Amino acid sequence: VGEWSLATDNCAMWLNGFNDNLPGFPRLPCKYVPCGESYLNRDDYQQPGTPIDPSKPIQGPYGTGMSGPVWGLCPVGRDWVKETGDSSSDFIHTPAEAPERRDDSDAVMSNLALKKINAFSGIGHGFYFWNFKTDLNEPHWSYTAALARGWIPSGNLKSDAVLNACQKEDDGLY
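This is a predicted model, so every value here is computed, not measured.

Trainee: Before we go on, may I ask you to explain the overall build of the chain in this structure?
Mentor: Within the chain, the regular secondary structure consists of 4 helices and 4 strands. Reading the secondary structure of the chain in the N-to-C direction produces β-β-β-α-β-α-α-α. Across the chain, every contact between residues at least 6 apart in sequence was considered, and the portion connecting residues at least 24 apart equals 63%. Of the roughly 10,700 Å² of accessible surface on the chain, 56% is carried by carbon and sulfur atoms.

Trainee: When you look at unusual backbone geometry in this model, what are you seeing that I'm missing?
Mentor: A negative phi angle is the norm for most residues apart from glycine, just as the trans form is the norm for most peptide bonds. Located in the positive-phi region is Arg101, a residue other than glycine, with phi close to 65°. Residue placement: Arg101 occurs in the loop between β3 (73-76) and α1 (105-123). Phi at Asn137 is positive, roughly 55°, even though this residue is not glycine. Summarising the element assignment, Asn137 is placed in the loop between β4 (127-129) and α2 (143-149).

Trainee: Looking at this model, I keep getting lost on the environment of Trp71. Mind explaining?
Mentor: Relative to the assigned elements, Trp71 resides in the loop between β2 (31-34) and β3. Each C-alpha atom of the pair Trp71 and Lys56 lies 5.1 Å from the other, and the pair is 15 residues apart in sequence. Beyond its immediate chain neighbours, meaning those up to four positions away, Trp71 contacts Pro54, Ser55, Lys56 and Pro57.

Trainee: Can you help me understand the side chain of Lys31 in this one?
Mentor: In this structure, Lys31 sits in strand β2. Those residues in contact with Lys31 that lie beyond four places of it in its chain are Cys74, Pro75, Val76, Gly77, Asp79, Ala96 and Glu97.

Trainee: Which parts of the structure should I look at to understand the state of the cysteines?
Mentor: Here a disulfide denotes one covalent bond, and it connects the sulfur atoms of two cysteines. With the rule as written, the count across this model stands at 2 disulfides. Between the sulfur atoms of Cys35 and its disulfide mate Cys74 the distance is 1.8 Å. Classification of the bridge connecting Cys35 and Cys74 rests on its S-S torsion, roughly 110°, and on that basis the disulfide is right-handed. Here the residue Cys35 occupies a position in the loop between β2 and β3, and Cys74 occupies one in strand β3, the gap between them amounting to 39 residues. We classify Cys74 as buried; its relative accessible area is 2%. When the bonded cysteines of the chain are counted from the start of the sequence, the pairing works out to 1-2, 3-4.

About the criteria used
- Residues numbered from 1 in each chain as written.
- Predicted model: local features only at pLDDT ≥ 70, side-chain atom pairs only at ≥ 80, totals over all residues.
- Heavy atoms only, no water.
- Helix = DSSP H or I, 4+ residues; strand = E, 2+ residues; numbered from the N terminus.
- Contact = heavy atoms within 4.5 Å.
- Areas by Shrake-Rupley, 256 points an atom, 1.4 Å probe, with all protein chains shown as cover.
- Disulfide = S-S within 2.5 Å.
- Buried < 20%, exposed > 50% of the residue type's maximum accessible area, 1.4 Å probe, protein only.

And the structure:
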């Protein structure tokens, strides 16, 4: 299987290259969070371009798209909004940041992780999460952040939750 993540969009900063993104992407608005200090910085070494200057817009050079810090804010994924059954509140039309008490990201990402681990464990000869840790501690791309948030199960990957994660789909009950 190889590498995997819990990302459901391409909002992650520099995912497709430095200050770049695929033309026309991301198709949906991304959530922005304050950029943090690089975890690579030490007393004897500073990651180039850090800390991010919050008084500046996106800095060049640019590629065919844009994906970088803007005014001290860095792009991350989108929240998953709880479905209400109202067709006007579909995912395409929801804001990047879920309204208060409507964020369903934990449930959606936990379910996605269980289903991926179930599928990969059954047929794969190995799989690993995309990144152990990210600068923004973004759980879609950071194993430690996803584990801390409860999106990825810790311990036994042969638990009933993992083994039965795809049972509804396997039974044709979508």
